[in-house]
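As a plain string of letters, each chain reads:
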Amino acid sequence: MRTGDFKQTYGELVTLVDSPPVWLWSALLLAGLIAAPFVLNSYALSFLMIILITVVGTLGLNILTGYTGLISLGHVGFLVTGAYAYAVLVSKYQMHPLVGFLGAGVVPALASLIVGAPSLRLKGLYLAITTLAFSFIINTVILEARWLTNGARGISVQRPEIFGLSFDSDAAFTWLCLGFAILTLFAALNIRRSRVGRAFVAIRDNDTAARVMGINLHAYKLFAFVTSAFITGLSGALYGIYLSFVSVEGFPFLLSIEALAILIVGGLGSALGAVLGTVLIVLLPEATRFVFSLFSAQIDATFTTGAQELKSMLYGLVIILFLRFQPRGLVGAWHDIRRMWVNWPLRY
Amino acid sequence: MQYFMQLLISGLAIGAIYGLIAMGFAVIYKSTGLVNFAQGEMTMITAYIAWTISTTVSGNMFVVALGAILAAVVLGLVIERVVMRPMLGEPVFATVMVTIGLAVILRSSINFIWDAYPHGLDVGFGRTIVRIGTIGVRTGQIAVIVTLLALLVAIWAFFRYSKIGVAMRAVAADDRTALLMGISATRVHALAWAASSVIAGIGGVFFALSYDLSPAMFQLGLKAFPATILGGLDAVLGSGLGGLLIGITENLAGGYVGSGMKEVAGFAMIIVVLMIRPFGIFGERDIERV
């Protein structure tokens, strides 16, 4: 009988998955996601695309906020930089889409060096406010640099064609997003179990202790910023392609809050949490709408007129309720359920 | 020169509003150790309530002022009791995120309770233009600067001499020792929230007097951030002065460089200030013991 989850070597502690069936379930899920575009209608498919794109972005933020413990309120700044980098390179200068994606990662990463460097001296709330300031400054820079970005008029973006493969159809674009999401997920999981990831977590848990153990705080904090911005930028490029139009208005400040809400709801510092949180938060407005429409058509009408406000209200409510009643997020709840399943009828 | 003076005066006026809201931030930070990201939204709601009183009950200046202050007190107390007190003892990150959640809720509630259109707050005061030399100034602008200065003095005296003020400083300095001395930390927190709500609310009402009410008013809170960072999160008086500084910088940048610069001058300024003094100009250096 299985009595618990015992790790006997260091190797077991850092394996990607600790039990073989997980590979099977993951493969089944992947097969399901690949088949999804054939089954779902275009409305449901758009939600799948949003979920996959958001997963990329939240995994990026998770590296900075979840692993390293640096709160960023300005991640929408990296998102919009990535989207513009792609749009300018591909739509304006007709570069290859792969170059565009590379640029969408590298340009925010460079920007993050500029934000990250002064932030090395700052802690907690001061850092959060500096990143907030950055996201407003970057918006103004984009609006002012008209020769490059068309200012407030924005840039329209086509869906890419890479090596003869066209990603024009919804199905194909979903697969592209799926590819990015899987790559990011593996990148995040592998960073977490490497030496770098352990250094990040050590900084989060106690930066003075981490420093005493010989971790170069400045280098690792900057590295967390750069990695996080790179991934978030890619997500921004995908989101820009999804919207088929890149403008400052397309990336409101609320996206930063949404990303943090996702991390809190999912469980801070866990890649699985970022994925679960994304699914919940993206589907939440739709699910609430569905539940209420069962009761009355009038509430349904309110949802249509005040959709944006209700959406943000739900985010706020979900953030507060999770922090109050389930601070470890969905991942915490899942761990509790799992432990109960193994130990029942005993409590421990 | 006249253009410069005009920019300076209107910068001082808007800066005084930022200063009031920044003082709201600082009062809460000083006694509870957290940044209230919902400050701008609380300011906006107080201003909207003042507008509702002016249109439904009476347009009398004093009735509106009294009503708005009462509403701000109730708002602060309710938020502290319902949302913040259950989070007592939780990590700072969680508590600050709760205020962000609160901010988002309050912001969208405006569109449900009131509407999305701009309104002018008219109490028969504040929009007439007075001439000082060659410069035209609105009475509302003069009033807000005077109010800020009066409040700065009052708050300085409050923290320096009154028993409650000293208790608040004690809780901020070391809440455990303060508890041992018989100070009720929850009561101090409640008082801080109420006071912060009122101070910021006054700023909001003055903003509505001089400009307009709109659901975008919560951005005042974001604009006041640089002010409180500049002054130091734990420095109430510094935050008030920081507001004046930010207001002037912003207006001069807007007047001489471009309107885009006006939006971000404050933010650019705090990044520079934080690089040199990471705890604000008047803030206390945080010494970390291992």
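Residues numbered from 1 in each chain as written. Chains lettered and ligands numbered in written order. Predicted model: local features only at pLDDT ≥ 70, side-chain atom pairs only at ≥ 80, totals over all residues.

1. Topic: the overall build of chain A
The criterion, for reference: Here a strand is any run of E in DSSP of at least two residues, a helix any run of H or I of at least four, and the numbering for each starts at the N terminus. Only the C-alpha atoms count toward the radius of gyration. The rule for a globule is 2.2 Å times the residue count to the power 0.38. Residues are called buried when their C-beta atom has 20 or more other C-beta atoms within 10 Å, exposed when it has 12 or fewer, and partly exposed otherwise; all C-beta atoms are positioned from the backbone.
On a plain count of helices and strands, chain A comes out with 16 helices and four strands. The C-alpha atoms of chain A give 21 Å as radius of gyration, which agrees with the globular expectation for 348 residues (20 Å, within 12%). Along the first, second and third principal axes, the C-alpha set of chain A runs to 65 × 55 × 40 Å. Burial statistics for chain A: of 348 residues in total, 44% are counted as buried.

2. Observations concerning the overall build of chain B
The line we're drawing: Once C-beta atoms have been placed from the backbone, residue pairs whose C-beta atoms lie within 7 Å are recorded as contacts.
Per the secondary structure count, chain B includes 11 helices and two strands. Taken from N to C terminus, the helices and strands of chain B fall in the order α-α-α-α-β-β-α-α-α-α-α-α-α. The globule rule puts the C-alpha radius of gyration for 290 residues at 19 Å, and the 19 Å found for chain B is close to it. The C-alpha extent of chain B, read off along each of the three principal axes, is 60 × 45 × 35 Å. When contacts within chain B are restricted to residue pairs at least 6 apart in sequence, long-range pairs at least 24 apart make up 74% of them.

3. Regarding the packing of helix H9 (residues 219-231) of chain B against helix H11 (residues 259-276) of chain B
All names here are of chain B. Quick note on the threshold: Only the contacting stretch of a helix is used when fitting its axis, a line to C-alpha atoms as for every element, and angles between N-to-C directions run 0 to 180 degrees. The cut-offs work like this: below 35 degrees is roughly parallel, past 145 is roughly antiparallel, 65 to 115 is roughly perpendicular, and the gaps in between are oblique. Should the near helix be turned counterclockwise from the far one by less than a right angle, the crossing is left-handed, whereas a clockwise turn marks it as right-handed.
H11 packs onto H9 with a crossing angle of 25° between their chain directions and a minimal axis gap of 9 Å. With respect to H11, the axis of H9 lies roughly parallel. H11 is crossed by H9, and the crossing has left-handed handedness. Where H9 approaches H11, its residues Lys223, Pro226, Ile229 and Leu230 are matched on the opposing element by Gly266, Phe267, Met269, Ile270, Val273 and Leu274.

4. Concerning unusual backbone geometry
Residue and element names in this part refer to chain A. Along the chain, Trp344 connects to Pro345 via a cis peptide bond; the corresponding omega equals 5°. Looking at where Pro345 falls in the secondary structure, it is placed in the segment after helix H16 (329-343). With phi around 50°, Gln94 is a residue other than glycine that occupies positive phi space. With respect to the helices, strands and loops of the structure, Gln94 is situated in the loop between helix H4 (75-92) and helix H5 (97-119). Backbone geometry at Ser244 places phi at a positive 60°, although glycine is not the residue there. Summarising the element assignment, Ser244 is placed in the loop between helix H11 (217-243) and strand E4 (245-246).

5. A look at the nonpolar core
Stated formally: For our purposes the nonpolar core covers buried Ala, Val, Leu, Ile, Met, Phe, Trp, Tyr and Cys residues that link as a set through C-beta atoms within 7 Å.
Counting 188 residues, the largest nonpolar core has Ala83, Ala261, Ile264 and Ile319 of chain A together with Ile17, Ala47 and Ala50 of chain B as the members making the most contacts within it. Apart from residues lying up to four places away in sequence, Ile17 of chain B is in contact with Val144, Gly203, Phe206, Phe207 and Leu220 of chain B.

6. With respect to the pairing of strand E2 (residues 135-138) of chain B
Residue and element names in this part refer to chain B. Heads up, the condition is: Pairing between strands requires that DSSP locate at least two bridges from one strand to the other.
As defined by bridge partners, strand E1 (residues 129-132) adjoins E2 across four bridges and the pair is classed as antiparallel. Across the sheet, residue Arg131 finds its bridge partner in E2, namely Gly136. In this structure, the hairpin formed by E1 and E2 is closed by a connection of two residues, where Gly133 is found at a positive phi of approximately 65°.

7. Quick look at the interface of chain B and chain A
Defined as follows: Asp, Glu, Lys and Arg are counted as charged, while Ala, Val, Leu, Ile, Met, Phe, Trp, Tyr, Cys and Pro are counted as nonpolar; the rest, among them Gly, fall into the polar class.
Contact residues are listed per partner, giving 33 residues for chain B and 31 residues for chain A. Every element with two or more residues in the side of chain B that touches chain A is listed here: helix H4 (92-113), H9 and H11 of chain B. Considering every element that reaches the side of chain B that touches chain A, the biggest residue donor is H4 of chain B, with 15 residues. A class-by-class count of the residues in the side of chain B that touches chain A yields 26 nonpolar, four polar and three charged.

8. A word on helix H5 (residues 139-161) of chain B
Residue and element names in this part refer to chain B. Condition: A helix is expected to span 1.5 Å multiplied by its residue count minus one.
The end-to-end C-alpha distance of H5, which contains 23 residues, comes to 32 Å, matching closely the 33 Å that a straight helix rising 1.5 Å per residue would cover. Those residues of H5 lying buried are Gly140, Gln141, Val144, Ile145, Leu148 and Leu151. Packing partners of the buried residues in H5 comprise helix H1 (2-32), E2, helix H8 (185-210) and helix H10 (236-256).

9. Brief notes about the packing of H5 of chain B against H10 of chain B
Residues and elements named next belong to chain B. Running from N to C, H5 and H10 cross one another at 165°; their axes reach a closest spacing of 10 Å. Taken together, the axis directions place H5 and H10 in an arrangement best described as roughly antiparallel. Helix-helix and strand crossings are classified by hand; for H5 and H10 the assignment is left-handed. Along the contact surface, H5 presents Leu148, Leu152, Ile155 and Trp156, while H10 presents Val236, Leu237 and Gly240. Tallied by class, residues from the contact of H5 with H10 come to six nonpolar, one polar and no charged.

10. Concerning the confidence of the model for chain B
Which entries qualify depends on this criterion: One confidence number per residue, pLDDT, is output by the predictor and ranges from 0 to 100.
Overall, the prediction assigns chain B a mean pLDDT of 85, with 98% of residues at 70 or greater. Scored as a whole, the predicted complex attains pTM 0.87, and scored at its interfaces, ipTM 0.81.

11. Some details on the confidence of the model for chain A
Averaged over every residue, the pLDDT of chain A is 87; residues scoring 70 or more account for 95%. Element-level mean pLDDT values for chain A span from 65 in helix H14 (residues 297-305) of chain A up to 93 in H11 of chain A.

12. Examining H11 of chain A
Residues and elements named next belong to chain A. Between its first and last C-alpha, H11 extends 38 Å over 27 residues, near the 39 Å set by a 1.5 Å rise per residue. For H11, the buried fraction is high: 19 of the 27 residues fall into the buried class. Where H11 ends, the next residue or the one after it, Ser244, has phi of about 60°, a positive value.

13. Quick look at the environment of Asn139 of chain A
Residue and element names in this part refer to chain A. Its place among the elements puts Asn139 in helix H6 (residues 124-144). Residue Asn139 is classed as buried on the basis of its C-beta count, with 21 C-beta atoms lying within 10 Å. Considered as a pair, Asn139 and Gly77 are 62 residues apart in the sequence and their alpha carbons are 7.3 Å apart. With sequence-adjacent residues up to four places away left out, Asn139 is seen in contact with Val80 and Val248.

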